[in-house]
Structures are given as structure tokens and as C-alpha cells.
Amino acid sequence: NSGWQGDYYYNPTTGQKVTGQQTIDGKTYLFGNDGKLQTRQQTAVNRALSMVGVPYVWGGNTPAGFDCSGLVQWAYGLKERITYTQQALGAHHYDVANAPLGALLFFGSDTTPSHVAISLGNGKYVHAPQPGQTVTVTTQRWLRPSYYVVL
């Protein structure tokens, strides 16, 4: 018995569904509290959402404070630090109303993006808006992105 059953892993010794971070056959996985395997996108979204209320800090990329690209860098564990380099991580898609969970939403033009957020799906996103504000969840109804990139 390998222990895998779809998106779940059961400890071969105890038969119990695993949760949290687990190393299986030398590879590290993250499982939710319900035992479901978390995708890279879900993990990044969960990390970003855990920072709601943290103050905006220009150039910030730690839980002490974030700017928009710093939040993305921290949530995904990226090397790329600024919005311009983050927008180059994948193909640009323009049907922003359909941006999937974890997609990076960019505001501004393809060549000079001015802001980045992380899609929560269904027209919502989490971002570090601007000085004087905190990491927050909002909807595309208030501020619509120009395009998105899937990592």
C-alpha cells in the first residue's frame, strides 16, 4: 500500500490521514487540516490570507510589513522581488474575471505594471494596497486588474 488515495495520503503504519507538512519518499508535501494535498497556489493563497491586517510598508516583504510585490514574493517564496519581474513569470491572460485561485493579477500595462495581487477566484483577491492601509481582501468590482499570470 503506497498510502496515496487521490489527493490524500494515509500513513501506511497507522492508516491515519496525514495533515500538515509531511516528507514522503524524500519529497515534502503540505496537507490541509482536512488532509487534502495543497497545491502551490493554495499554499500561497493561505500564506497571503494569513497576513490580512499587516501594514503596508514600501519595499516590505516580511510579516512586519508588505508592499504589493513583497506580499507575492513572500507568499510564493519567489526570488523575483518587483512587480515588473513577477509579470514576466508566465503568459499574460486577459479574461481577468476568470482568473483562477493563486493567479497573479496585474494592474497597468503589460510593460509597466503598477500593482500586483493574488487571485482568490470568483473576482476576489488579496493584496497590499498602498501606504496607510493593510493587507486586505477586495473584489474586482472596486479595482479591476488588466491581466493575470498563472505560476
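Residues numbered from 1 in each chain as written. Predicted model: local features only at pLDDT ≥ 70, side-chain atom pairs only at ≥ 80, totals over all residues. Heavy atoms only, no water.

Visitor: Kindly report on the pairing of strand β7 (residues 104-108), identifying the contributing residues and their values.
Guide: Counting buried positions along β7 yields four of five residues, so the element is predominantly enclosed. As judged from the five bridges shared by β7 and strand β8 (residues 113-121), these two strands associate in the antiparallel manner. Looking across to β8, one finds that L104 is bridged to I118. Two successive antiparallel strands, β7 and β8, enclose a turn made up of four residues. In this structure, β7 lies alongside strand β11 (residues 147-149), joined through three bridges in antiparallel fashion. (Buried < 20%, exposed > 50% of the residue type's maximum accessible area, 1.4 Å probe, protein only. Helix = DSSP H or I, 4+ residues; strand = E, 2+ residues; numbered from the N terminus. Pairing = 2+ DSSP bridges.)

Visitor: If you had to explain helix α2 (residues 68-76) to someone new, which residues and values would you point to?
Guide: Because the α-helix completes a turn every 3.6 residues, residues three or four places apart line up on one side. Along α2, eight of the nine residues are buried, which leaves the element largely enclosed by surrounding structure. Along α2, the residues classified as buried are C68, S69, G70, L71, V72, Q73, A75 and Y76. Phi for G77, located one or two positions after α2, is positive at around 70°.

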